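# Summary of the model geometry
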Amino acid sequence: MEYRKIVLNIPHDSAQMLFPEAWADKAGLASDTIEWTDWHTAELFHSEDSRVKAVRFPYSRFTCDVERLIDDPMEAIGQGILYANFHGHHRHLTHDQEKSLMALYFDHINALKAELTSDSLIIDCHSFPSHVAPEVDICIGYNKDWSKPTVEIIEMVGDVFTNAGYRIAYNKPYGNSISPEMNFNYHSIMIEVNKALYLDRDSNKKLEFQKLQSILQSLYSSLLG
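Residues numbered from 1 in each chain as written. Predicted model: local features only at pLDDT ≥ 70, side-chain atom pairs only at ≥ 80, totals over all residues. Heavy atoms only, no water.

### Some points on the packing of aromatic side chains
Note the threshold: The pairing test for Phe, Tyr and Trp rings, Trp by its six-membered ring, is centres within 6.5 Å, and the orientation test on the planes gives stacked under 30 degrees, edge-to-face over 60, and tilted for anything in between. Here's how the labels work: a residue is buried when its accessible area is under 20% of the maximum for its type, exposed when over 50%, partly exposed in between, all with a 1.4 Å probe on protein chains only. Under the scheme used here, helices are H or I runs from DSSP no shorter than 4 residues and strands are E runs no shorter than 2 residues, and both carry numbers assigned from the N terminus. Put simply, a charge is over a ring when the Lys NZ or the Arg CZ is close to the ring centre, within 6 Å, and near the line of the ring normal, within 35 degrees.
In total, this model carries nine aromatic pairs according to the counting rule given. Between Tyr-83 and Phe-86, the aromatic rings sit 5.6 Å apart at their centres with planes inclined by 15°, giving stacked as the arrangement. One exposure class covers both Tyr-83 and Phe-86, and it is buried. Relative to Phe-209, the ring of Tyr-198 lies with its centre 5.9 Å away and its plane at 70°, an arrangement referred to as edge-to-face. Taken as a pair, Tyr-198 in the loop between β8 (187–194) and α5 (210–224) and Phe-209 in the loop between β8 and α5 lie far apart in primary sequence, eleven residues in all. You can call Phe-209 buried: its relative accessible area is 4%. Put simply, the rings of Trp-23, Phe-62, Tyr-83 and Phe-86 pair up and form one aromatic cluster. It is Lys-211 that lies over the ring of Tyr-166; its NZ or CZ is 4.7 Å from the centre.

### Here's the deal with the environment of Trp-23
Convention followed: Residue contacts are defined here by distance: any two heavy atoms, one from each residue, within 4.5 Å place the two residues in contact. Whenever two N or O atoms come within 3.5 Å, that pair is a polar contact, provided that in protein one can donate a hydrogen and the other can accept it, and provided that, for residues adjacent in sequence, both atoms are side-chain atoms.
Tracing the backbone through its elements, the reader meets Trp-23 in the loop between β1 (5–10) and α1 (26–36). Separated by 68 residues in sequence, Trp-23 and Arg-91 have C-alpha atoms that sit 4.3 Å apart. Apart from residues no more than four positions distant in its own chain, Trp-23 is found in contact with Met-17, Leu-29, Phe-62, Tyr-83, Phe-86, His-89, His-90 and Arg-91. Of the polar contacts made by the side chain of Trp-23, one reaches the backbone oxygen of Phe-62; its length is 3.5 Å.

### Some remarks on α1
Heads up, the rule is: Note that the arc is computed from the directions linking the helix axis to the C-beta atoms.
Of all the residues in α1, the buried ones are Gly-28, Leu-29, Asp-32, Thr-33 and Trp-36. All buried residues of α1 lie within an arc of 145° about the axis, which places them on one face of the element. Those residues of α1 that are buried are in contact with β3 (85–86) and β4 (89–90).

### Some points on the layout of surface pockets
The method is simple in principle: a probe with the dimensions of a water molecule rolls over the atoms, and the space it marks as empty is what remains. The line we're drawing: Buried and open spaces are told apart on a 1 Å grid over the protein atoms alone, a cavity being a set of points where a 1.4 Å probe fits but cannot get out and a pocket being an open set with protein on both sides within 12 Å along at least five of seven lines. Residues with an atom within 4 Å of a point are the lining residues. Grid points are joined across faces, edges and corners, and a volume is the space filled by probe spheres set on the points. Ten residue types, Ala, Val, Leu, Ile, Met, Phe, Trp, Tyr, Cys and Pro, are classed as nonpolar, four, Asp, Glu, Lys and Arg, as charged, and the remainder, Gly among them, as polar.
Each pocket or cavity is described by its volume, and for the largest pocket that value is around 970 Å³. Considering the residues around the largest pocket, the lining is formed by 36 residues, among which Glu-67, Arg-68, Asp-72, Gly-175 and Asn-176 are closest to the centre. Those elements giving two or more residues to the lining of the largest pocket turn out to be α3 (95–115), β5 (120–128) and β8. By residue number, the principal contributor to the lining of the largest pocket is α3, which donates five residues. Split by residue class, the lining of the largest pocket holds 16 nonpolar, ten polar and ten charged. Roughly 330 Å³ of internal volume is contained in the second largest pocket. Around the second largest pocket, the lining residues are Ile-34, Glu-35, Pro-129, Ser-130, His-131, Lys-195, Ala-196, Leu-199, Asp-200, Arg-201 and Asn-204. Grouping the constituent residues of the lining of the second largest pocket by class yields four nonpolar, three polar and four charged.

Note that all results are geometric; they support no functional claim without further evidence.
As structure tokens, this is what we get:
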């Protein structure tokens, strides 16, 4: 199968915070922000191909996590769309603040939906801290529902990275892929890159990631035919 369009979802690339005063322990949250921001993924996954469209959320996941669902199970631990608790850091939002942030959530989801067609593929673009799964270089995630790509597509994506020398895993350490409901079906796949491949461990500064960019461009070309 070939797709006519790729839609890049880039939800966690930014560390920009709205209403930081709502967090009780701003200093303690800073280290978590550094660790759990998907640094430079917008640049890493970028393509000049007009058939590849990126939808990037401009704020931190600690402002609003656009990957979460309405009534997400993570609400039970305070990590739904609007985090109330993260590793013991607590946030107390006013009603007006919640309303403002939920508007940002729907803006992102609607922007994503506006790009989708029945012959498009979402690539959910992420990175993960190396300590989470040091044995995995590239995590490939997908849902087990209508949005799951064909076995051939999933294997092709895996082969692109394996042939380049990377260690891959499916739905490990993270699974699934964003798939907003539409009145038609389409496919969605997640690609998570181990941060050790492109970030300096001590400074968190970007390293040269030309190889990864080249592999991703090749992947896009293969998927688009």
